[in-house]
Each structure stands twice: as C-alpha cells, then as structure tokens.
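Residue strings, one per chain:
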Amino acid sequence: MPKEIIIPAGTSKPLAPYVPATKADNIVYVSGTLAFDENNNVVHVGDAAAQTRHILETIKRVIEEAGGSMDDVTFNHVFVKDWADYAAINAVYAEYFPGDKPARYCVQTGLVKPDALVEIASIAHV
C-alpha cells in the first residue's frame, strides 16, 4: 500500500518524529494538531475557542492539500486540558461540521505545552 506524506506550505516543523498527515488508500490521517504558529509557539493563550478555530483551520488546510474537504472527515480525536473549556470548544467545532457530524471522542488530558488547551487529530476519507 503506497502512502503519501501531506505537509502543507507554511506548516511548522513537528516537535517530534511525525508528519502533519499521511494519506493511504484515500484515507487521510491527520496528526494531533495544536494551536501553534510557524515556530511552534502556542497562539491564543487562554482562549480555548480561538485555539480550536486555529486547529480546525490547520486541519482544513491539511485535508485540502490531500484533495479533500472538512465534509470528508469521518472521525475526530479531541483532547482538552480542562472540561471548563468544553462548551467553547464545541461551539467552534460545530461551525466546522454543520451538517452530518463525524464520530469522535473527547478526553481530558495534559498536553505537550502548558498553554495548549485543546488538541485534535482527524481521519478523513477523500
């Protein structure tokens, strides 16, 4: 099974040995995405809604680079630092998935940088 590495222009260098996404058999696996700028600094510190929007815009760019759209997302893995941000995250999330929603799970956990409030990984069939 051939695979294609997906790295959109302007993507920051990953903090660990991974790539933004891998496409295989028309399935795009998007790595856990945080609200980072091009230097891997957390943006929108303290604002879970703005971080979520930044993350979903990044995921959107990755999926579009792979030939798909957000309508092709079938599953999201959502990680939150604090359940107090859950409603704000969901409000933005719903904007990106207005029709049929993808399956997902959401867990509370520590994230790779202290100022990160949310992380999302996605699977899309394009």
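Residues numbered from 1 in each chain as written. Predicted model: local features only at pLDDT ≥ 70, side-chain atom pairs only at ≥ 80, totals over all residues. Heavy atoms only, no water.

**Considerations on the pattern of salt bridges**
So, point 1. In the structure shown here, the tally under the stated rule is one salt bridge.
So, point 2. Ionic pairing is found between Arg53 and Glu95, a salt bridge with its closest N-O pair at 2.8 Å. One end of the pair, Arg53, is in helix α1 (residues 48-65); the other, Glu95, is in helix α2 (residues 86-96), with 42 residues separating them in the sequence.
So, point 3. Note on Arg53: relative accessible area 33%, which makes it partly exposed. (Salt bridge = Lys/Arg side-chain N within 4 Å of Asp/Glu carboxyl O. Helix = DSSP H or I, 4+ residues; strand = E, 2+ residues; numbered from the N terminus. Buried < 20%, exposed > 50% of the residue type's maximum accessible area, 1.4 Å probe, protein only.)

**What about the side chain of Glu119?**
So, point 1. Looking at the element boundaries, Glu119 is found in strand β6 (residues 118-125).
So, point 2. Among buried Asp, Glu, Lys and Arg side chains, Glu119 stands out as unpaired, with Lys81 the closest opposite charge at 12 Å. (Lys, Arg positive; Asp, Glu negative; His and termini not counted.)

**Thoughts on a nonpolar patch on the surface**
So, point 1. On the surface, a nonpolar cluster with roughly 270 Å² of combined accessible area is contributed by Leu15, Tyr18 and Val112.
So, point 2. If you trace the backbone, Tyr18 turns up in the loop between β1 (3-6) and β2 (21-24).
So, point 3. The partly exposed category is assigned to Tyr18, whose relative accessible area is 33%. (Patch = residues over 30% accessible without salt bridge, like charges linked within 9 Å, V, L, I, M, F, W, Y side chains within 5 Å. Areas by Shrake-Rupley, 256 points an atom, 1.4 Å probe, with all protein chains shown as cover.)

**Topic: the pairing of β6**
So, point 1. Burial runs high along β6: seven of the eight residues are buried.
So, point 2. Note that strand β3 (residues 27-33) and β6 share five bridges and pair antiparallel. Across the sheet, residue Ile27 finds its bridge partner in β6, namely His125.
So, point 3. Here strand β4 (residues 73-80) pairs with β6 via seven bridges, running antiparallel. Among the inter-strand pairings, Val78 is bridged to a residue of β6, identified as Ile120. (Pairing = 2+ DSSP bridges.)

**Section: the layout of surface pockets**
So, point 1. Estimated volume of the largest pocket: approximately 310 Å³.
So, point 2. Of all the secondary structure elements, the ones that give two or more residues to the lining of the largest pocket are β3 and α1. (1 Å grid on protein atoms, 1.4 Å probe; cavity = no way out; pocket = protein on both sides within 12 Å on 5 of 7 lines; lining within 4 Å. Points joined across faces, edges and corners; volume = space filled by probe spheres on them.)

**Quick word on the side chain of Thr33**
So, point 1. One can find Thr33 in strand β3.
So, point 2. A polar contact of 2.8 Å, which involves the side chain of Thr33, links it to the backbone oxygen of Ser31. (Polar contact = N/O pair within 3.5 Å; in protein donor to acceptor, adjacent residues only side chain to side chain.)

**Structural notes on the environment of Ile55**
So, point 1. You can see Ile55 is positioned in helix α1.
So, point 2. Judged by relative accessible area, Ile55 falls into the buried class, the value being 0%.
So, point 3. In this structure the C-alpha to C-alpha distance between Ile55 and Ala121, which are 66 residues apart in sequence, comes to 9.4 Å.
So, point 4. When residues no more than four places from it in sequence are discounted, the contact partners of Ile55 are Thr33, Leu34, Ala35, Val118, Glu119 and Ile120. (Contact = heavy atoms within 4.5 Å.)

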